[in-house]
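Tertiary structure, described
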Amino acid sequence: MPFDNVTITDNRTNRTYTLPIEHGTVRSADFRNIRTDPADFGLMTYDPAFVNTASCRSSITYLDGERGILEYRGYPIETLAEHCSFLEVAYLLVFGELPDRTELQDWASEITRRTMLHENIRKFMEGFRYDAHPMGMLVSSVAALSTLYPDAKHVQDPANRLQQIKRLIAKIPTIAAMCYRHGVGFPYVFPDNDLSYTENFMNMLWKMAEPKYAANAVLARALEVLFILHADHEQNCSTNAMRSVGSSQADPYLSLSAAAAALSGPLHGGANEQVLRMLEEIGSKDRIPAYLDRVKSGEVKLMGFGHRVYKNYDPRAKIIKWTAEQVFRVTGRNPKLDIALELERIALEDEYFIERKLYPNVDFYSGIIYQAMGFKPEFFTVLFAIPRTAGWLAQWDEMHRDPEQKIARPRQIYTGERQRAFLAIEERQAIAAAKG
Ligand code: CMC
């Protein structure tokens, strides 16, 4: 019978320590007992970029990167993408169970009646330049919501948290659509509460002079599937930002704006925009080998490839490939798909990518669909942020319920100077003058 602990010998003192193992994990704080003498601070663990550190317990998303498995609350992503609406999945993430019909109707109505934005936000939005990047607009506008809902600071009250969760899931498509309309110079469109979550979003994006917007059912469903695939992904960079900022008891609007800022980076959600720019740069299939040479020499990265956790095919990328085919039946085929498919084929046979277990991730194909639907690359990350809002909020709520969580505050290994002699500015100036 194996023991659930590990024995460590400190060769500095010849003492041994037995540390308990739970869920394949030892507690970093236990290392503090390993010290050379009572005055010693004790051992710390060093883990830049959190490559091997669990920051929380979570029951929201399960991810097995070696086997390419992704589950929300225990349900495989493939099943949810096939059978559910986005709001059904958002309910699952927030409450832990799939809703029955009545619960779903109530939830949808709670969300729908909160889709309007305060006029203040519209005026705020008008202040952006015509060519402002939509992610900058989204991040700032979500933060601005904090000024309209001062009640949101009561983050330790579960009922209050739920109220903000509903507001944010409801309002994020409205903000996103305003960012879009601002960019194309069209007046903002009010939400239409007769429509489903994705149909209403399409209405706010694309309604022109017609009295009632009619969404294309295939495109609305494709968007729903894409939203489900992007809804949560356990402790990634932006979710970590949400939890970290939220751990200081900042309100959820400010915390979520920090999470969205983290998402915007090209190594995270911003990768979908970069994939499209890369495919544009490659331009044709015959130029793929030369581009891959540049990747292998370290000059550029293959955007949309690789993942910290997946060392196998990202299951979301598989579903997205299938969704692309559905969308192209309506929009016509995006020729970039052929370049992407060939790029994937060549890369997956190449020793560089095989050795490093680099596979396409969610961002590799999503942009090709979004472009076929009529979105510009700079808007792609906004389309990631809308559904991820549900995941960020579920994770934020879970953090506040967890009695083990405190303000996130890592340690450091200090490598700078100590106790230096201070020189007055005249002396520093004299030294600089002497040096010429
Ligand atoms: N192109 C070329 N080489 C790569 C790539 C890539 N896309 N990704 C990783 N590598 C190499 C990397 O250079 C390293 O090589 P070596 O061992 O010779 O130094 C090796 O593979 C291991 O990579 P790493 O940098 O240690 O991996 P990481 O876990 O720190 O980074 C990543 C993960 C996603 C940031 C990275 O794979 C990457 O930059 N990918 C491109 C950007 C991208 O597609 N991001 C979206 C991620 S999925 C959705 C999301 O999170 O939003």
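Residues numbered from 1 in each chain as written. Predicted model: local features only at pLDDT ≥ 70, side-chain atom pairs only at ≥ 80, totals over all residues. Heavy atoms only, no water.

**A closer look at the overall build of the protein**
Definition in use: Strands are runs of DSSP state E lasting at least 2 residues, helices are runs of H or I lasting at least 4, and numbering of each runs from the N terminus. For this measure, only C-alpha atoms enter the radius of gyration; the expected value for a globule follows 2.2 Å times N^0.38, where N is the number of residues. Note on exposure labels: buried denotes an accessible area under 20% of the residue type's maximum, exposed denotes more than 50%, and partly exposed covers the range between, all computed with a 1.4 Å probe on protein chains only. The contact criterion used throughout is that any non-hydrogen atoms of two residues lie within 4.5 Å.
Assigned secondary structure in the protein consists of 18 helices and 5 strands. Its C-alpha atoms give the protein a radius of gyration of 25 Å, near enough to 22 Å, the size a compact globule of 436 residues would have. Seen along its three principal axes, the alpha-carbon backbone of the protein occupies a region of about 80 × 70 × 55 Å. A burial count over the protein gives 46% of its 436 residues as buried. In the protein, of all internal contacts separated by at least 6 residues, the share reaching a separation of at least 24 is 69%.

**Overview of the site of the ligand**
Heads up, the condition is: Being near a molecule or strand, for a residue, means having at least one of its heavy atoms within 4 Å of it. For the purposes of these results, a polar contact is taken to be a pair of N or O atoms within 3.5 Å, where, inside protein, one atom must be able to donate a hydrogen and its partner to accept one; residues adjacent in sequence count only when each atom of the pair is a side-chain atom. In the scheme used here, Gly and all other residues not listed as nonpolar or charged are polar, with Ala, Val, Leu, Ile, Met, Phe, Trp, Tyr, Cys and Pro taken as nonpolar and Asp, Glu, Lys and Arg as charged.
Of all residues adjacent to the ligand, which total 21 residues, the nearest are His268, Lys301, Leu302, Gly304 and Arg308. Between an oxygen atom of the ligand and a main-chain N or O atom of Gly269, the distance comes to 3.2 Å. Leu302 is positioned with one of its backbone polar atoms (N or O) 2.7 Å from a nitrogen atom of the ligand. The class makeup of the residues in the shell around the ligand is 11 nonpolar, 6 polar and 4 charged.

**Section: helix H7 (residues 197-206)**
For an α-helix, the turn length of 3.6 residues means that residues three or four places apart are oriented alike. In terms of burial, H7 is largely enclosed, as 9 of its 10 residues are buried. Here H7 has its buried residues at Tyr197, Thr198, Asn200, Phe201, Met202, Asn203, Met204, Leu205 and Trp206. Looking at the buried positions of H7, the neighbouring elements they touch are helix H2 (86-95), helix H3 (101-112), helix H6 (158-184), helix H8 (217-229), helix H16 (362-373) and helix H17 (380-401).

**A look at the sheet that holds strand E4 (residues 69-72)**
Backbone hydrogen bonds hold the strands of a sheet together, and the pairing may be parallel or antiparallel. How we decide: Strand pairing follows a simple DSSP-based rule, namely that at least 2 bridges must link the two strands.
Pairing in this open sheet of 3 strands is antiparallel, and the strands run E3-E4-E5 from one edge to the other. Edge positions in the sheet fall to strand E3 (61-64) and strand E5 (75-76), since each of these pairs with one other strand and no more. The sheet contact formed by E3 and E4 spans 4 bridges and is antiparallel. Residue pairing for E4: Leu63 is matched across the bridge by Leu70.

**Some thoughts on unusual backbone geometry**
A positive phi angle, close to 50 degrees, is found at His23, a residue other than glycine. Here His23 is to be found in the loop between strand E2 (15-20) and E3. Assessed through its relative accessible area of 69%, His23 is described here as exposed. The phi angle at Lys357 is positive, at roughly 55 degrees, despite the residue not being glycine. Turning to its location among the elements, Lys357 is positioned in the loop between helix H15 (351-355) and H16.

**A word on the layout of surface pockets**
To keep things clear, this is the line we draw: Cavity means a closed set of points on a 1 Å grid over the protein atoms alone, one where a 1.4 Å probe fits but cannot get out, pocket means an open set with protein on both sides within 12 Å along at least 5 of 7 lines, and lining means a residue has an atom within 4 Å of a point. Grid points are joined across faces, edges and corners, and a volume is the space filled by probe spheres set on the points.
For the second largest pocket, the calculated volume is near 310 Å³. Taken together, 22 residues make up the lining of the second largest pocket; nearest its centre are Leu87, Ala108, Leu195, Ser196 and Tyr197. Of all the elements in the fold, those that place two or more residues in the lining of the second largest pocket are H3, H6, H7 and H8. The dominant element in the lining of the second largest pocket, judged by the number of residues it contributes, is H3, at 6 residues. Here the lining of the second largest pocket is composed, by residue class, of 9 nonpolar, 9 polar and 4 charged.

**Regarding the pairing of strand E1 (residues 5-10)**
Summarising the sheet, E1 and E2 pair through 6 bridges and their orientation is antiparallel. Paired with Asp10 across the strands is Arg15, a residue of E2. Taking the residues that link successive antiparallel strands as the turn, the E1-E2 hairpin has 4 residues, and the phi of Asn14 there is positive, at about 65 degrees.

**A few points about the pattern of salt bridges**
For the record, the criterion: The salt bridge criterion pairs a side-chain nitrogen of Lys or Arg with a carboxyl oxygen of Asp or Glu, the two atoms within 4 Å.
Evaluation of the coordinates by the stated rule reveals 31 salt bridges. Where Arg113 meets Glu110, a salt bridge forms, and the shortest distance between an N and an O atom there is 3.4 Å. For Arg113, a relative accessible area of 55% translates into the label exposed.

**Side note on the domain arrangement of the protein**
The following threshold applies: Where each domain starts and ends follows an automatic or database-derived domain assignment. The buried area of a pairing is the accessible area, by a 1.4 Å probe, that goes missing from both parts when the two are put together, added over both.
On domain assignment, one finds that the protein holds domain 1 (5-46), domain 2 (79-265) and domain 3 (271-372). The C-alpha centroid of domain 3 is placed 27 Å from the C-alpha centroid of domain 2. In this assembly, 13 residues from domain 2 lie in contact with 16 residues from domain 3. Each partner contributes to the roughly 1,200 Å² buried at the junction of domain 2 and domain 3, and carbon and sulfur atoms together form 72% of this total. Taken together, domain 2 and domain 3 are joined by 0 salt bridges. In terms of residue count, the dominant contributor to the side of domain 2 that touches domain 3 is H8 (7 residues).

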